[in-house]
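This is what each chain is made of:
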Amino acid sequence: MLRHLLSLRFLVALFAVGVMALASPPAEAKFVFNHNHPDLNWFTIETEHFFVHYPVSKKTREEGNEHYLTGEFAARKSAEVSEEMWGPMCEVFDYYLKEKVHIVLLNQSDQLEGFTIPSWDWVEISANVGGYFWRMRGRMEWFSDVLVHEFAHVVSLKANAPMSEAAFGIEIGGLYSNGKINADIGGEVTLSDGAPFWWSEGGAEYWSDETNYNWWSSSRDHNIRTTVLEDRLLTYDEWGTRIEKRDWGDGERGYQQGYSIALYFRERFGPDIYAQFALASGKRWHLEWEDVVKEVTGVEAETLYDDWAEFLRERYGEVQAAVEADGEVLGEELLHSRSEWDYRDPDARDKWLEQKERDREDAKEATGTWITEPRYSDEGELYGVNNRGQLKISWAPEGTFLPFSDTELNDPETSQKMADYKTSVGMAFGHGFDFVPGQQAVVFTGHEDYTYADKGGYLKELLKIRPEFDGYDWKQIWYWDIKEYERTEKGREYLSLEPGTVFGGVKKVPQGTFRPIPNTLRGADPAVSPDGSKIAYFEYTDGTLNLVTINLDGTEKKHLTNYADGTWMQRVDWSPDGTQLVFQMFHNFRYDLWTINADGSNLSPLTWDDVEELDAHWAKDGQIYFSADPTGIFNIFSMDPETKKVMQLTNVVSSAQLPFLTPTGNLLYVQFTAHGNKHMGLAKEEFLNRDVTELFGKPVEKEEYEAFAAFQEDLSHWAEHTRKYKSRKSLMTPYFVP
C-alpha cells in the first residue's frame, strides 16, 4: 500500500492556486565532504562530451605533505571511458545529450562514493572503490563500471522525464479563508515524473551490460540465488522505492533484482525493452510509472513480477537440486550452541515455527551479517573476526565450536572463561587483520583518526566522536598489543582481555596498547610474516593498489609492485618459510592469483584462466587455499603451488569465500546467505577432496605473463586537454525556480 501511495506522487489538494517547478533529486545522493580543502588545486580535462574535474595537492611529499594526493590517472581513465561510452549509451535511448556532463573525481577519502544529479549534468565518483564493492559485484573495472552506471542514470532519467530536464515536478497549492473565522485552510499537490527504484538502478546496471561494460557475475548471482532460495525477494510493493527496507542486504538486493528482471525481460521481449519504458514515460505523464510497463508490453507490471519470481524459483531450484545430487559439502555456522532453527525434535520445530516470521528473520540475522576474515592465532587459542567493522577477539579453542565438536558447549568453567576472555575494537569495514606470531597481538586496518590513539583517546571515547580537523581520515595499519588485565567483580577475581573503566564508562587502556605503524597511511589488509618481523599490505594511491612490505616498527618500507594504472589487489599472505607472497591481482581485466618473492622479484601467475579467483591463504601445510567460481558458484579450493594440482573442498549452493586453515587443519570460511555473511567451520574429515585441476587454466609462457604484468595503459594523450579548473569555463546548464 505504501508503494502505491508514494508512486501516485501527489498529495490531496483542496485548491490549486500556485505552481512551482522543483529541481530533480540525485539518482543516488551520497555527498562526501563537509570540509573545505584549500590545500588542493583542481584541474579539468575537457573532452568532446565531458568535463572531468580532479584534485592534486599543492604541496608534495618531499615538502612534508603526508596527505599528498593526485587524481590524475583516475581522471584520465574516466575521460577515456566516458568518451567511449557516450555514443553507445545515447544510442540505446536515441537520446543524444547536447550539453556536456561534469564528472567530479574525488580522492580525498578512502571510501567508495558515487552519485548522479541528472538535471545538473553532474556525476560524482571516488577514485577509491573501498574494501567491499568488488565482493558484491565481481570482477568489475571500477571506472568503467561506475561511470557507465552513473551516465546511464543521466541519459535514462532524462529520456524518462515527461517534463523538462530541469524539473522534478510541479507543486500546486493554495489557501482558503471563509472571511468569518481567523484561520486559513490549505493544501498542496505535487505532480512528479520520478521512476521506481528497481527500474532506475537495475536499469543502470542493465544498460551497462547492453553497452558491453558490465555482465552478470557470480557475485551478483549468489545474491539473487540465496535471496530466492531463502525466500527474501523484495516484494512488488517493497522494490518500488528506496525506503521501507529493513532487512540485511535489501539495498544491494534491490539493485540486483532490477538487473535480474531486466535480463528476464530481454529474453521475453527483446534487448530494447528497458529503454522503451523510458521513452514511453517521456511522451506523457503517468499517474503511476508502472503503467508504462503495461503500455509497452501489454502485461501488468505486477503480473510480470510474479512471472519473473516464478522463473527464478524454477531456475535456482534446479541449481540447488544439481548441487545436492552431486553431493553438497558445507560447514556449520561457528556457534557454541545450536540455533533455534537447527531443531532436532518436533517440539523444538513447533516452538520455532510458532514465532512471527519477522522474529525468525531477525534471529537469523542476529548471528552476524557483515562477517569477514575469520581466523585463529598460531597457537589456536584466540579466534578473531571482522564483524561489521568491529574486530572481535576471543578465547575460543576449536573444540568449543559446534562444527568441530558436534556437541553444544555446556561446561560452566569454559563458558565463564570465554565470557571473561574477549575484547573488541573498531576497524575498517570489510578489510583484513592478522595475528602476530609469537605475540598476543594483531595488526589491522584502521583509520588515522581512530579514537584508540593515545593522543586525545579518552575525550574521543567519552564524547563518542572522532574529530578530524584537516579533512583527511585515511586508512592506516595499526598494531594492537592485546593485554591481560586482573579484574575483580562481585568478589570474583579473574583475568580478562578487557580493561576496567574510568569516568563515563571509558575503557582504561594503557598507553601504547594501540599504535599506528608509521609510514602506512592509505594501507590496508596486512599479513604478518611467519617470524613476526614484517607485514605485507596494499597501499592505495590514485585509483590503484600496490603491494608493500614494511617492518612492524615502520622501517624498511619496500614497494614490491609499482602500478599506476588502476590495478587492484586483494588478500595477501606469506609462504610458510617467509620467502614468498601470494595475492589476487585484477590487472587489465584479468583476475588471477599471483606469487612474488619477498624481495620483489619473480612476479608470476599461480592461475591463468577465465575463472574468478580470490581470497588466497598460504597455510602452514604448504597448500594455498582460495575461493573461485569455475562452475558459477564460489567454493573453497586448495592448490599445491609446486604441482598446480587443485582440490575442491566445499560444494555449496550459496557461496563460500575467505578460507582459513586452523592450526589443527580444519577449515574456516565465510558463507554468503540472504540473512548475512556467516562464519562457518568445516572439519577436515568432511572435505570433498575432489581433484578439479582441469577446471583451471593451463600453464602460460613466461614471456607472455611478464609482458602482461608490465603492461600499463597509456593515457598521456589527455595531457593536452587538461587545464587548471576555471569556474567560468565549467558552468553547468542553467535552470531556474520560478
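Residues numbered from 1 in each chain as written. Predicted model: local features only at pLDDT ≥ 70, side-chain atom pairs only at ≥ 80, totals over all residues. Heavy atoms only, no water.

**Thoughts on helix α10 (residues 301–326)**
Given a rise of 1.5 Å per residue, 26 residues ought to cover 38 Å, and the 38 Å separating the end C-alpha atoms of α10 matches this to within 8%. Taken together, the buried positions of α10 are occupied by Ala301, Leu304, Tyr305, Trp308, Ala309, Leu312, Tyr316 and Val323. Where α10 is buried, its residues touch α6 (218–229), α7 (250–269) and α9 (291–297). Positive phi appears at Gly327, one or two residues downstream of α10, with a value of about 105 degrees. (Helix = DSSP H or I, 4+ residues; strand = E, 2+ residues; numbered from the N terminus. Expected span 1.5 Å × (residues − 1). Buried < 20%, exposed > 50% of the residue type's maximum accessible area, 1.4 Å probe, protein only. Contact = heavy atoms within 4.5 Å.)

**With respect to the pairing of strand β25 (residues 580–587)**
Burial of β25 is extensive: 7 of the 8 residues sit out of reach of the surface. When strand β24 (residues 568–574) meets β25, the two strands line up antiparallel, connected through 5 bridges. Of the residues in β25, the one forming a bridge with Asp573 is Val582. Counted between consecutive antiparallel strands, the loop separating β24 from β25 contains 5 residues, among which Gly578 sits at a positive phi close to 75 degrees. The pairing of β25 with strand β26 (residues 590–597) spans 8 bridges and is classified as antiparallel. Paired with Met585 across the two strands is Asp592, which belongs to β26. Remark: 2 residues form the turn of the hairpin made by β25 and β26, two consecutive strands paired antiparallel; Asn588 in that turn has positive phi of roughly 50 degrees. (Pairing = 2+ DSSP bridges.)

**Notes on the confidence of the model for the protein**
Of all residues in the protein, 87% have pLDDT values of 70 or greater, and the mean over the chain is 88. Ignoring residues within four places in sequence, the model shows residues 1–32, a span with pLDDT below 50, making 103 contacts including any to other chains. (pLDDT = per-residue confidence, 0-100.)

**With respect to the sheet that holds strand β4 (residues 101–106)**
What the 6 strands build is an open sheet, ordered β5-β6-β4-β3-β2-β36; its pairing is mixed. Either end of the sheet is taken by a strand with one partner, and the two such strands are β5 (114–117) and β36 (722–724). Shown here is a sheet whose adjacent strand axes are inclined to one another by a mean of 20 degrees, direction ignored. Sitting on the sheet, helix α2 (residues 72–93) touches β2 (40–46), β3 (50–57), β4 and β6 (122–126), and the angle it makes with β3 is about 170 degrees. (Axes fitted to C-alpha atoms, helices over the stretch in contact; angles between N-to-C directions.)

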